[in-house]
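What the coordinates show
Below, each chain spelled out in residue letters.
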Amino acid sequence: EVGHCFLGSADGWLYALATVDGGEVWRFYTGASLPSRPWISEGQLYTAARPGQLLSLDLNSGTRLGQADTQSPVVAGPVGAEDRLVVGCEDGYVRAYRQQSLARLWEQRLGAPLQADPVWVQDRLVCLAGNGWVYGLDPGKGEVKWRLALEGKGSGPLAQGPAGVHRVADAREERD
């Protein structure tokens, strides 16, 4: 089996390229000028598409397997764990879907769009919102379990450190 890498282009096409020689394996028109970074799980590729869509494609052929209405353009994700897939939307909601079927599981309003992809850590989904808050959500129900106000607006991606330590840069300095 040949490995693939995936690349979204400014003209709305998502390309699957063979890693061995860079040859085009398939392409799919998403309608988005810059498709999100795809998430891959169990033979499927998940990606945001034209505003308000989440797509599931067959990893090897690029055939559309399913789609979901996200109600707002995706600005972060998709990212997944277990049987869930999560996206952050422009309207300030984080929405979760079941992998494979893309059935909606829950949504949680955080008050501002996410600034980075959410990070799954043990029993929490950690989200950095553009309102200066970091949230810890229950990934099963989307409930806010904790939140932390940053002294400066968050910037850059969330990173998981050793023993579950989370790091996020704010506008002033790096905090644990």
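Here's what I pulled together on the structure shown here. (Residues numbered from 1 in each chain as written. Predicted model: local features only at pLDDT ≥ 70, side-chain atom pairs only at ≥ 80, totals over all residues. Heavy atoms only, no water.)

Topic: the nonpolar core
Counting residues in hydrophobic clusters, the biggest one holds 15 residues, and the most contacted among them are V86, V94, L110, L114, L125, C127 and L137. Only β8 (74-81), β10 (93-98), β13 (124-128) and β14 (133-137) provide two or more residues apiece to this core. (Core = buried A, V, L, I, M, F, W, Y, C linked by side-chain atoms within 4.5 Å. Buried < 20%, exposed > 50% of the residue type's maximum accessible area, 1.4 Å probe, protein only. Helix = DSSP H or I, 4+ residues; strand = E, 2+ residues; numbered from the N terminus.)

Comments concerning unusual backbone geometry
In this chain, G77 is followed by P78 through a cis amide linkage whose omega measures 15 degrees. The phi angle at Q100 is positive, at roughly 75 degrees, despite the residue not being glycine. For Q100, the position within the fold is in the loop between β10 and β11 (104-109). Given the relative accessible area of 37%, Q100 is considered partly exposed. The phi torsion at Q122 lies on the positive side, around 45 degrees, for a residue other than glycine. By relative accessible area, which is 74% here, Q122 ends up exposed.

Comments concerning the sheet that holds β11
Taken in spatial order, the 4 strands line up as β8-β9-β10-β11 in an open sheet, and their pairing is antiparallel. Two strands close off the open sheet at either side, each with one partner strand: β8 and β11. For this sheet, the mean angle separating the axes of adjacent strands, direction not counted, is 15 degrees. Looking at chain direction, β10 and β11 are connected through 5 bridges and run antiparallel. Across the sheet, residue V94 finds its bridge partner in β11, namely Q108. (Pairing = 2+ DSSP bridges. Axes fitted to C-alpha atoms, helices over the stretch in contact; angles between N-to-C directions.)

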